[in-house]
Amino acid sequence: MEMLLTQTDLKQQLITKIKSIQSQLGGIEGTPVTNVKIKPDLAQEIEAMVIQLEAKNPNYRPLLFKPLLLDGAWLLLYSTAREIRNLASLPLGLKVGKIYQIIDVASGSFLNQAFVKHPLGLISGYVKVTANFEIVRDDNNLPNNRLNVYFQQRYLAISNIVGVKTPQLEPARVVPAKNPVGRIPSLEITYLDETFRIGRGGDGSLFVLVKSELP
């Protein structure tokens, strides 16, 4: 008889699988895996594992009953989102490292922060995007599982050049963040517990994150 896997087992298997892929890909430690970096059958395997875990979401309607589980810093492990894939082609030879999402439920705000550095250690810094969000409500005016997102500013900061700190370049550039034309970006929370989160964008993109501390 086939043994049924628990929610904890499925979560650990998914984390182990993604971290194993990260190790095989090499590069900067903690760089999230994207579906374009791996073979299609491996991306399909991850998708299947995610679907299994979503079916065992321990918190039904978390934005209604436990919204504060969203609070804090989240480290991105895996994504199929175009904006994450695009970070693979940064200027100046920069390579992306760890990507965090920091959420404050009370203020309805969050920011995405991607740390970047040159492979030879010439430059390091980060790209940051700030945004506000609102929890979408159902026909009974109760929160469902979706957030509408409104991007605000995009920052490019250089923290270090050839070993010298450069606070005057934090940020080096600030521009308005682009929101899609004709639609409101959204994020469906499909799995949420105290340490792990899965979300799906309105465009079908997938995000897998673990609770973390900023470096």
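For the structure itself, look to the data block above.
Residues numbered from 1 in each chain as written. Predicted model: local features only at pLDDT ≥ 70, side-chain atom pairs only at ≥ 80, totals over all residues. Heavy atoms only, no water.

**Examining the nonpolar core**
In this structure, Leu70, Ile99, Ile103, Ile189 and Phe207 are the most contacted members of the largest nonpolar core, which totals 27 residues. Leave out the neighbours within four places in its chain, and Ile189 touches Pro62, Leu63, Leu70, Asn145, Leu147, Arg197 and Ile198. In terms of nonpolar packing, the next biggest core, distinct from the first, is built from 22 residues, Ile21, Val33, Phe196 and Val210 among them. (Core = buried A, V, L, I, M, F, W, Y, C linked by side-chain atoms within 4.5 Å. Buried < 20%, exposed > 50% of the residue type's maximum accessible area, 1.4 Å probe, protein only. Contact = heavy atoms within 4.5 Å.)

**Some points on helix H1 (residues 7-25)**
Here H1 is 19 residues long and its end C-alpha atoms lie 27 Å apart, about the 27 Å a rise of 1.5 Å per residue gives. Among the residues of H1, Leu10, Lys11, Leu14, Ile15, Ile18, Ile21 and Gln22 are the ones counted as buried. Down the axis of H1, the buried set is contained in an arc of 130 degrees. They therefore lie on one face. Set apart from the buried face of H1 by more than 90 degrees, the exposed residues are Thr8, Ser23 and Gln24. As for H1, its buried residues are in contact with strand S1 (33-34), helix H2 (40-54), strand S2 (72-79), strand S9 (186-192), strand S10 (196-201) and strand S11 (206-212). (Helix = DSSP H or I, 4+ residues; strand = E, 2+ residues; numbered from the N terminus. Expected span 1.5 Å × (residues − 1). Arc of directions from axis to C-beta.)

On their own, these measurements won't tell you what the molecule is for.
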